[in-house]
2 protein chains.
Amino acid sequence: MAIVVQKFGGTSVGDTKLIKAAAQRVIDTKLSGKDLIVVVSAMGQETDRLYDLAYEIMDDPPPRELDMLVSTGEQVSIALMSIAMHSLGHDAISFVAGQIGVRTDSYHSKAKILDIQRERVDAALREGKIVIVAGFQGVDEQSNITTLGRGGSDTSAVALAAVFGAELCEIYKDVDGVFTADPRIVPSARLLDTISYDEMLELAGMGAGVLHSRSVELAKKHGVPLRVRSSFNRQPGTLVRREDNGEAKPLTGVTFNKKEAKITLHRVPDRPGVASTILHPIAQRNINVDMIIQNPGRNGVTDVTFTVPKSDLAEALQVCGQVASEIGAEKVLSDDRVAKVSAVGGGMRHHPGVAHRMFAALALEGINIQNISTSEIRISCIVRDEDCDRSLRAVHDAFE
Amino acid sequence: MAIVVQKFGGTSVGDTKLIKAAAQRVIDTKLSGKDLIVVVSAMGQETDRLYDLAYEIMDDPPPRELDMLVSTGEQVSIALMSIAMHSLGHDAISFVAGQIGVRTDSYHSKAKILDIQRERVDAALREGKIVIVAGFQGVDEQSNITTLGRGGSDTSAVALAAVFGAELCEIYKDVDGVFTADPRIVPSARLLDTISYDEMLELAGMGAGVLHSRSVELAKKHGVPLRVRSSFNRQPGTLVRREDNGEAKPLTGVTFNKKEAKITLHRVPDRPGVASTILHPIAQRNINVDMIIQNPGRNGVTDVTFTVPKSDLAEALQVCGQVASEIGAEKVLSDDRVAKVSAVGGGMRHHPGVAHRMFAALALEGINIQNISTSEIRISCIVRDEDCDRSLRAVHDAFE
């Protein structure tokens, strides 16, 4: 029988009533003739409550013990979900990661799934049971409990869908699907019927937050069709899948990121390898550099601009101060009152002039673009943070 | 190095501050030159909270899923306890039952421990780590999570002490130890320095509630010295150990049980096997029969009296009605307003006249004894429930 994986997030299982409603949805799918593997997150704010307990005791708890602690949130949810299935007259069985061999590496709190054993799940499905699996968790080679990082339950669901050859992986959220923009900021935002993996990745990476990047990467790698939909209504939501040739639109969505600050090294002597000289010591401190822009000036000097998370700005500036004096840059400038506004669309590469339309829309609003960077299917502009919302609306509406 | 097992109950780990205090006690023992295995219960009312969630969904949740659910309570505690040790500068590692092979049978919610693997714990102890183990839980042969029933963490602690040859198993409670009587009822009650396993078993079985019977049986079987003490002060508490010859007192403690009702089959034809005919169908319904008293009367008839839990009285009476008509008993009487008052003392067997002193003390108070039964080291009397407290005080003070 065809297998469907359904994943329910924390707000979809926030209390026992919601859990029962989710169980009913699973059963409806089961009755339509599918085998079901269900992945559940921790209830509501349970994961935060558990982290808080740990941080009450110490500031930097050992990661292994933190994983031991927070993995209980999903264990509670799977047991309650299974009980809910039984209360509705259906046979179900719940498994924690260790029981079905969700093997990961040993990087606690950000582990990667290496392998999943099929035997026990296959046997349960053969017996007609609905299989319920704890998301977000795994076990390493020594059977230590690991977790996959925030949003990791999406990744668990996709990994299970890939291993068991599921025809579909449904991700139930408290939103209706993926929108062309955040509807709270852009009133004209529309729900997308479909979106490609690549577009979703660009949106996820930009902070749109509907799906975790890693889960989308994994779905793309294994060709798992993902459906993002609401657990609070029966709308079909958004299907994330391989791009259909020719069909891609120039603009699929707009998004923003206010969590980054900008650093510019001004008047750096323009020698080969200078960018690497600047960025290497920053990478060594595990600071994630995003946009990197190098504009050669005159007289053999250049400006190098890049963005880092605001939370890492102080440390990055310290490193830059040292590097600047070593390489003879004139000065280091920084700005943490910026926002990155991005337009994403798989059709961009076939529709010339998309960038122009975006810049024109911003100009028409009198918004100054500080920096620009692009990928094949994305154009990002740095603007002042107070211009962020207006920029989003302007760009979004220019393409409607 | 000598191993000590320390077990902390739910009230001893009720919040993160208490967990840190418990961690400090463990560390103090470690610094005195011992290897430590620590067993922890779920925090405060956590187990009840989890059961309540399940019962919100359905009245009789499947036991396997219930065990999956409630076993998380101990997992949270061990992780926080380990974090607390680290916060105090000591290396510790927490284990759920599956990680150290606490193998049980498959009787969910009342599983029995069959075996514990030594390798992983031994390795951690060799590395100088404090080992923290989730109490109350095990795994069966299919790696399903099981629980040992209420009070099961005491049993986990004793089983670990037995397997690892611990020199002592300390059970930390919210009471100072084992008393000669419940101090809330008998103001003159005293804390006992020592008590034998057998005396403790009689007291535990009678509802004294300080230790779970199964943990005491296991300690007796393996000769594990148990110390019951408070986690809120540094008093030594009560040592439970093998009886020293000659030292045993005629009376170690008095206790009571108000949770049982009495059933009498009146004027039963006195044939061999009649008691078994009556009790067999009751046992078949899993109703626990405690005191059984048979008094032969005249004319070939006899009265058979026994006690059952009050919660099972209605069902037991239904069975008795049927049996009574089958065997020709005259009538079935019952009384649920009774209490069982027991005096326990290992020295009873060498001190004649203990029973007499007990009965005289009750008579002096004008308390009517309805029924009497005895074991080698216990005398129990059924009295009216409103006479219970006075009976306890009278018997207790008669032996001071």
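Structure shown above.
Residues numbered from 1 in each chain as written. Chains lettered and ligands numbered in written order. Predicted model: local features only at pLDDT ≥ 70, side-chain atom pairs only at ≥ 80, totals over all residues. Heavy atoms only, no water.

*Asks:* Hey, could you run me through the sheet that holds strand β18 (residues 338-344) of chain A in this one?
*Replies:* Pairing between the strands of a sheet comes from backbone hydrogen bonds, and it takes one of two forms, parallel or antiparallel. Residues and elements named next belong to chain A. The sheet built from four strands is open, its strands ordered β13-β18-β20-β19 with antiparallel pairing. Edge strands, defined here as strands with exactly one partner in the open sheet, are β13 (253-257) and β19 (371-375). Averaged over all pairs of adjacent strands, the angle between strand axes in this sheet comes to 20 degrees, irrespective of strand direction. The pairing of β19 with strand β20 (residues 378-384) spans five bridges and is antiparallel. Looking at the pairing, N371 lines up with I382 of β20. Along the sheet face, helix α11 (residues 354-364) touches β18, β19 and β20 and points at about 20 degrees away from the line of β20. The sheet contacts of helix α12 (residues 388-398) involve β13, β18 and β20, and relative to β13 the element is tilted by about 165 degrees. (Pairing = 2+ DSSP bridges. Helix = DSSP H or I, 4+ residues; strand = E, 2+ residues; numbered from the N terminus. Axes fitted to C-alpha atoms, helices over the stretch in contact; angles between N-to-C directions. Contact = heavy atoms within 4.5 Å.)

*Asks:* Which parts of the structure should I look at to understand the sheet that holds strand β20 (residues 378-384) of chain B?
*Replies:* All names here are of chain B. Here four strands make up an open sheet; going across it, the order is β13-β18-β20-β19 and the pairing antiparallel. Looking at strand neighbours, the two that pair on one side only are β13 (253-257) and β19 (371-375), the edges of this open sheet. Across the sheet, the mean angle separating the axes of adjacent strands is 20 degrees when strand polarity is ignored. In this structure, strand β18 (residues 338-344) lies alongside β20, joined through seven bridges in antiparallel fashion. Each residue of the ladder has a partner; that of V338, found in β20, is R384. Sitting on the sheet, helix α11 (residues 354-364) is in contact with β18, β19 and β20, with an inclination near 20 degrees to β20.

*Asks:* How should I be thinking about the packing of helix α4 (residues 72-87) of chain A against helix α4 (residues 72-87) of chain B in this particular structure?
*Replies:* Angle between the axes and distance between the axes are the two parameters that describe a pair of packed helices. Axis separation between α4 of chain A and α4 of chain B bottoms out at 10 Å; the angle between their running directions is 180 degrees. Classified by the interaxial angle, the pair formed by α4 of chain A and α4 of chain B is roughly antiparallel. Each of T72, Q75 and V76 of chain A in α4 of chain A lies in contact with α4 of chain B, whose residues at this interface are T72, Q75 and V76 of chain B. Of the residues contributing to the contact of α4 of chain A with α4 of chain B, the split by class is two nonpolar, four polar and no charged. (Parallel < 35°, antiparallel > 145°, perpendicular 65-115°, else oblique. Nonpolar A, V, L, I, M, F, W, Y, C, P; charged D, E, K, R; others polar.)

*Asks:* What exactly am I supposed to notice about the environment of V341 of chain A here?
*Replies:* Residue and element names in this part refer to chain A. Relative to the assigned elements, V341 resides in strand β18. Residue V341 is classed as buried on the basis of its relative accessible area, which comes to 1%. Separated by 40 residues in sequence, V341 and C381 have C-alpha atoms that sit 5.3 Å apart. For V341, the contacting residues outside a window of four places in its chain are T255, F256, M358, I379, S380, C381, V383, C388, S391 and L392. (Buried < 20%, exposed > 50% of the residue type's maximum accessible area, 1.4 Å probe, protein only.)

*Asks:* Sorry, what's going on with the side chain of D67 of chain B here?
*Replies:* All names here are of chain B. Within the element layout of this structure, D67 appears in helix α3 (residues 63-70). This buried residue, D67, is left without a salt bridge; R64 holds the nearest opposite charge, at 8.8 Å. If we ignore the near neighbours within four places in the chain, the residues touching D67 are H108, S109, I145, T146 and T147. (Lys, Arg positive; Asp, Glu negative; His and termini not counted. Salt bridge = Lys/Arg side-chain N within 4 Å of Asp/Glu carboxyl O.)

*Asks:* Which parts of the structure should I look at to understand the interface of chain A and chain B?
*Replies:* Often, the extent of an interface is quoted as the loss of accessible area on bringing the components together. Taken together, the contacts link 40 residues of chain A with 41 residues of chain B. Interface area, chain A with chain B, both sides summed: about 3200 Å², of which 64% is carbon and sulfur. Taken together, the connections running from chain A to chain B amount to zero salt bridges. The tally of links between chain A and chain B comes to 22 residue pairs in polar contact (both at pLDDT 80 or more). At the level of elements, α1 (16-31), α2 (46-57), α3 (63-70), α4 and β3 (92-95) of chain A are the ones that each hand at least two residues to the side of chain A that touches chain B. The leading source of residues in the side of chain A that touches chain B is α4 of chain A, at eleven residues. Of the residues that constitute the side of chain A that touches chain B, the class distribution is 21 nonpolar, twelve polar and seven charged. (Buried area = accessible area lost by both parts, 1.4 Å probe. Polar contact = N/O pair within 3.5 Å; in protein donor to acceptor, adjacent residues only side chain to side chain.)

*Asks:* Help me understand the environment of D335 of chain B in this model?
*Replies:* All names here are of chain B. Here D335 shows up in strand β17 (residues 331-335). Counting along the chain gives 22 residues from D335 to L313, while the straight-line C-alpha distance between them is 9.4 Å. Sequence-distant contacts of D335, that is, excluding residues within four places in its chain, are made with A261, K262 and Q370. Polar contacts involving the side chain of D335 include one to the main-chain amide nitrogen of R337, which spans 2.8 Å.

*Asks:* What is the right way to read the relation of the copies chain A and chain B from this model?
*Replies:* Note: a rotation about an axis with an accompanying shift along it relates these two copies of the chain. In screw terms, the move from chain A to chain B is a rotation of 180 degrees and a rise of 0.0 Å along the axis, fitting with an RMSD of 0.1 Å. Accordingly, the operation relating the two chain copies is best matched by a two-fold axis. Closest to the rotation axis within chain A is the C-alpha of T72 of chain A, separated from it by 2.8 Å. Here 100% of the interface residues in chain A have copies in chain B that are interface residues too; the copies meet face to matching face. (Least-squares fit on C-alpha atoms with pLDDT ≥ 70 in both.)

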